[in-house]
Amino acid sequence: MAIGRQTAAAGHAGVLTRPTWTTGWASWLTTVDHKRLGLLYICTSFLFLGLASVEAFLMRLQLARPEQSLVSPDVFNQLFTMHGVTMVFLAIMPLGIGFANYFVPLMIGARDLAFPRLNAFGYWVYALSGVFIYTSFFLGGAPDAGWFAYAPLTSLSNNPGNGIDFYMIGLLVSGVGTLVTAMNLIVTIINMRAPGMTFMRLPLFVWMMLITAFMIIFAFPPLTIALFQVIMDRTFGTLFYVPEAGALPILWQHLFWIFGHPEVYIIILPAFGVISEVIPTFSRKPLFGYPIMVLSGIFIAFMGFAVWSHHMFTTGLGPVANTAFSLTSFVIGIPTGIKIFNWIATMWGGHVRFAVPMLYATAFLLTFTLGGITGIMLAIPPLDAQVQDTYFVVAHFHFVMGGGALLSFLAGFYYWFPKMTGRLLPEGLGRLGFWLIVPGFYLIFWPQHFAGLLGMPRRIQTYEAGIGLDLYNLMSSAGTFVMGAGMVIVIFSAFWALRKGRLAGDDPWDGRTLEWATSSPPPHYDFDVVPEVNDRDPVWLLKHPHLVERRDPISESVDPDHSPPKHVEQVSIHIPGQSWYPFIASFAIFLGSYGLLFHNLLLGLFSVAVLFYACYAWALEGVGGHHEHIELEPAVGGPA
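All of these numbers come straight from a predicted model, not from anything done at the bench.

Draft legend 1. Local environment of the environment of Gln578. Structurally, the position occupied by Gln578 is in the loop between strand 2 (570-575) and helix 18 (581-597). In sequence terms Gln578 and Thr31 are 547 residues apart; their C-alpha atoms lie 5.2 Å from each other. In contact with Gln578, not counting residues within four places along its chain, are Arg18, Pro19, Thr20, Trp21, Ser27, Thr30, Thr31 and Val32. In terms of polar contacts, Gln578 uses its side chain to reach the backbone carbonyl oxygen of Trp21, at 3.1 Å. Looking at Gln578, its side chain comes within polar contact range of the side chain of Thr30, at 2.8 Å.

Following this line, the structure appears as structure tokens:
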């Protein structure tokens, strides 16, 4: 434990030198600290989640009763497109990345990500691409061809407005930020683990993020190619997706779903990781079947690339292709089922404490299982043909992505909020929010199964009265009020806790993993001394050795090169310097996107010049930063 800290004298701050602000808005613009960037990711994700919720609320108001005209068909098209784009690309996926940014270095005993400035660049590219897409509402209309933007609906002749251009360019730019962050996570996890943190001692959340990062590396290039082709078609008159010129628009569907189905697991695997941290902690048992949980995650990632055509059963691929992709879709249910079994086995016989994080984790288990069952149903080509493009698919998708990922990330939010802020969220308000969010979710999406089976198409602005859809749609719309009230309570609880919440202490949940071995919130350098790890649950091994069962030879293996750490009285830690250039480079890309969209050559050239300057200055600004000297107590405790 630190008993004294000496901070290096602050240097001169300016645009062209490394700034040293520690407070104020400029310190957030220039930060390279993984924890601050994680908070920025999480807050930005919740902001976009709020916007997507408003769009969903307007759609449900429109569909609450038959034959209403609260919003026009054109506006309705923009609302469901932006809702899907926002939830998938700007809210849920970045939320997982935000948790990873904050907690992966802490959980592996590192002081930061491998490339702090690249980490900042990834965040600003993501955030500004979201701003870029949302400015479409004020600059000619938002995208309106659905979140998957099938060709040839996106051709210039079918869709001459700016909305499709905002979609294509915005997602192309956003993908750059996602890719660099994925590479950063891979390098960090492989190279910066604490002594003794072998791969088979990595927390499951870290494992799932490592797998997710590799999936991003392989899944995003097909989408990037498809986006680039449409941009070329619309901007420079190429013919990649023009049927009149002999092109095959179904190419877009192949490229999109080669990305799109792995994207489902890019979103859900971090959620699996969160659940794998929450359930053992609140069951006071080590995770059941750790090795098979890791292997299941790897198998899911591998098979995620082999099922894309089950989204295309009705496009005329033929019986052989349909059968093959139907079988692979069944197979991918096996490792997912193994995970659910292992989570239940972890709870079985444990001293389960149903605090708010555990409530959300339990709700996730039920909701995701139900979504998985309807997924297996949709993997049957004849049934898929019957419910294709109906609300049954909408319900399935939201049970997996909404109920699965969102509920697990809410579990993670309540679980890790004390570590991020040093304060506890109010338990009573948390339980009230839970009992509004989860029943509200079921009230929204459960009736949509039946509306879909009755044949209600998705993406329609209204429907006729008296055809059996009135009650189901009214129930769905009523559910938005219930779930919305719950989300408001969650947000209110967070603001209340930041001002008046009870102090959490370093380890309020009696946690197992390394993030609970440092202060709440952690210092800039995460740990005074890089911890030594001798078990998969290192903090429990120190506090409760009787809880840490000897499980397998891999976990018990001894590193032959390991030698006990020598006690030191003082350590010197290098703190990476802040930098303007990640933000400037991202902002140049942001401006250049408008130049490309509006065919403004001057703005485009200016943006490229600024981008080159930022990259050049970035490369030459030096290591920067400063050293902090930490004096240690004579007898140092820490994780085993």
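Draft legend 2. Layout of the packing of aromatic side chains. For the structure shown, the criterion picks out 62 aromatic pairs. Between Tyr123 and Tyr126 the ring centres are 6.1 Å apart and the planes differ by 65°, which places this aromatic pair in the edge-to-face class. Remark: Tyr126 and Tyr123 occur in helix 4 (residues 116-134); sequence separation between them is 3 residues, near one turn of the helix. By the burial criterion, Tyr123 is buried, and Tyr126 matches it.

Draft legend 3. Highlighting the nonpolar core. Ranked by internal contacts, the top residues of the largest apolar core, which has 170 residues, are Phe99, Trp252, Trp343, Tyr360 and Trp416. With 19 residues, helix 3 (residues 73-108) is the largest single contributor of residues to this core. Met59, Phe76, Ala451 and Met456 belong to the second largest nonpolar core, which has 12 residues in total.

Draft legend 4. Representation of helix 5 (residues 163-191) in the model. Between its first and last C-alpha atoms helix 5 spans 42 Å; for 29 residues at 1.5 Å apiece the expected length is 42 Å, and the two agree. Burial runs high along helix 5: 23 of the 29 residues are buried.

Rules behind the numbers
- Residues numbered from 1 in each chain as written.
- Predicted model: local features only at pLDDT ≥ 70, side-chain atom pairs only at ≥ 80, totals over all residues.
- Heavy atoms only, no water.
- Helix = DSSP H or I, 4+ residues; strand = E, 2+ residues; numbered from the N terminus.
- Contact = heavy atoms within 4.5 Å.
- Polar contact = N/O pair within 3.5 Å; in protein donor to acceptor, adjacent residues only side chain to side chain.
- Phe/Tyr/Trp six-rings, centres within 6.5 Å; stacked < 30°, edge-to-face > 60°.
- Buried < 20%, exposed > 50% of the residue type's maximum accessible area, 1.4 Å probe, protein only.
- Core = buried A, V, L, I, M, F, W, Y, C linked by side-chain atoms within 4.5 Å.
- Expected span 1.5 Å × (residues − 1).

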